[in-house]
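# Summary of the model geometry
Each chain is listed here by its residues.
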Amino acid sequence: MYDNEVDCFFISGDLNARLGHLRDNIHDLDDIPDRHTIDKNVNQHGRDFHEFLLESKFCTLNGRGNIHSDNFTSISSRGTAVVDYMCVSHDQLRYCKNFRVITMQNVIDDYGLQYLLSDRCKIPDHSILCTEFCPLSSLANPSHEKAPNNADKTIRYRLNQMPVNFLSSEIARNALLEIISSIESCREIQSEIDSIYSKLCDCIINEMDDVIPKYDCSNRMWKKFRSHKPYWNNELSTLWNDMKEKEKAFVRYRGQASGKRRLHMEFKHARYNFDKRLRFHERHYRSTVVEDIEVSCLHDPRQFWDKLKRIGQPKSRLIPMEVCDNIGNVSCSTKDVLDVWYRDYSSLYQNPGNVNFDDNFFERTNNHKQALEARMQDPLYDSNYILNRNFTIDEIRKAVMKAKKGKAVGFDRIPYDVLQNNDAISVLYHLFQLIFDSGIIPGAWKTAIISPIPKDITKDSRVPLNYRDRKSVV
């Protein structure tokens, strides 16, 4: 690994060596911390590896990080061991931070990979070794660190548990009164209207964070696996969670050997039960599919061929991070991909400059428009009063209360549910009247969240215009 400031050489992999209590540094001579040992066993490969470490002035990162982040690198029904290592020279140890061992059980849970497990695909035994390479410049200059993402997309609000007195706290009421005062003294310019709407959104979101319960929607429910494994059910989820807890108890146990053997047998039995039931549900599902196809073959040939098309791995509907130009060159650069999507979507509704209008149609349309405008300026025109009179708070309340609950939020992240109370309706009444009088809408209302939907799964998924754009606006 090369850096402008320092070059670092790593050795990492499955060495099949068990160091046990052997020290990889010379006490009172090498200026590195001692390592914490969780695997006490030693084998011949471990002795050879120990000799190499002493002669080359290398040391292992295993056991030198946070104790809670260290773990066995091989976990199976046969037992646990540390046979995978990450090694670095003594003088470069200071650049390596936050070493951790991530078990495959945690990887499968974090990334939702349970749908990959089957009779032909077992849980791997070996863990993942991770560390952070931090030169001195990055350690001394923390400004290069990424700012935390406050708008976590996996966090949702339990709007059905929203308190009745929402926006009724003293802080929220004072903020809303201040917003109404700003509306009344607004100079009717775009920047001030944008500032007022931004303050309103911040007030509502802060109140939501304070009083509405949240939950993690990172799709850890068993239903998420049904798209990949239709036979995944509550029983498999329960067995999976039980096996995960038994593995954690077995790995973390530091007591007597009898207790270790007991936990080992419990973990081994839990994994056996999970594998057995997984094979059973998979076989049962496949036999059901075969029987269903045989029945449809006799009664409905069209349905038979439709079911045959659905057999196999479903096509991924993820948008690939690559684009193809007119010549056929493929680019995977994030900047190129975003530029192409921005160019194609921004030109959808732009006038290309070569549109030819029918002169007669254009003249008739223009004359009709002028006649409508002249009629609206007539004082005796009956509809002028209805169109031009001020809003009433009853109109605002009726429109807000008719809004459907549970709909997707827009760019401002405010759901309809939190607006259906008297305090929010009062502010919206003053805001809409300001917008009506000035003819200026907040800039956030001109922004939409575009969710591309494929027009046809057989078309090239790298072409932006092969997608329909579903917009979520404020």
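See the structure shown above.
Predicted, not measured: the structure shown is a model, and the values here were computed from it. (Residues numbered from 1 in each chain as written. Predicted model: local features only at pLDDT ≥ 70, side-chain atom pairs only at ≥ 80, totals over all residues. Heavy atoms only, no water.)

Attention now goes to the packing of aromatic side chains. Per the counting criterion, the structure on display carries 13 aromatic pairs. Plain terms: the ring middles of Phe49 and Phe52 are 6.5 Å apart, the flat faces sit at 15 degrees to each other, and that makes the pair stacked. Note that Phe49 and Phe52 are positioned in helix H1 (residues 44-56) at a spacing of three residues, about one turn of the helix. An angle of 40 degrees between the planes, with centres 6.3 Å apart, marks the rings of Phe52 and Phe58 as tilted. Residue class for Phe52 comes out partly exposed when judged on its relative accessible area of 35%. (Phe/Tyr/Trp six-rings, centres within 6.5 Å; stacked < 30°, edge-to-face > 60°. Helix = DSSP H or I, 4+ residues; strand = E, 2+ residues; numbered from the N terminus. Buried < 20%, exposed > 50% of the residue type's maximum accessible area, 1.4 Å probe, protein only.)

The full count for this structure, using the stated rule, is 18 salt bridges. Residue Arg18 is joined to Asp39 by a salt bridge in which the shortest nitrogen-to-oxygen separation is 3.0 Å. In this pair, Arg18 is assigned in the loop between strand S1 (11-14) and H1 and Asp39 in the loop between S1 and H1, connecting sequence segments 21 residues apart. The salt bridge partner of Glu266 is Arg262, with a shortest N-O separation of 3.3 Å. (Salt bridge = Lys/Arg side-chain N within 4 Å of Asp/Glu carboxyl O.)

Next up on the list: the packing of helix H4 (residues 170-184) against helix H13 (residues 422-438). Where H4 meets H13, the closest approach of the two axes is 10 Å, and the angle between their N-to-C directions is 15 degrees. Here H4 lies roughly parallel to H13, going by the angle between them. Relative to H13, the crossing made by H4 is left-handed. Residues Arg173, Leu176, Ile179, Ile180, Ile183 and Glu184 of H4 touch H13, and the partners they reach there are Asp423, Ser426, Val427, His430, Leu431 and Leu434. Taken together, the residues of the contact of H4 with H13 break down into seven nonpolar, two polar and three charged. (Axes fitted to C-alpha atoms, helices over the stretch in contact; angles between N-to-C directions. Parallel < 35°, antiparallel > 145°, perpendicular 65-115°, else oblique. Left-handed = near helix turned anticlockwise from the far one by under 90°. Contact = heavy atoms within 4.5 Å. Nonpolar A, V, L, I, M, F, W, Y, C, P; charged D, E, K, R; others polar.)

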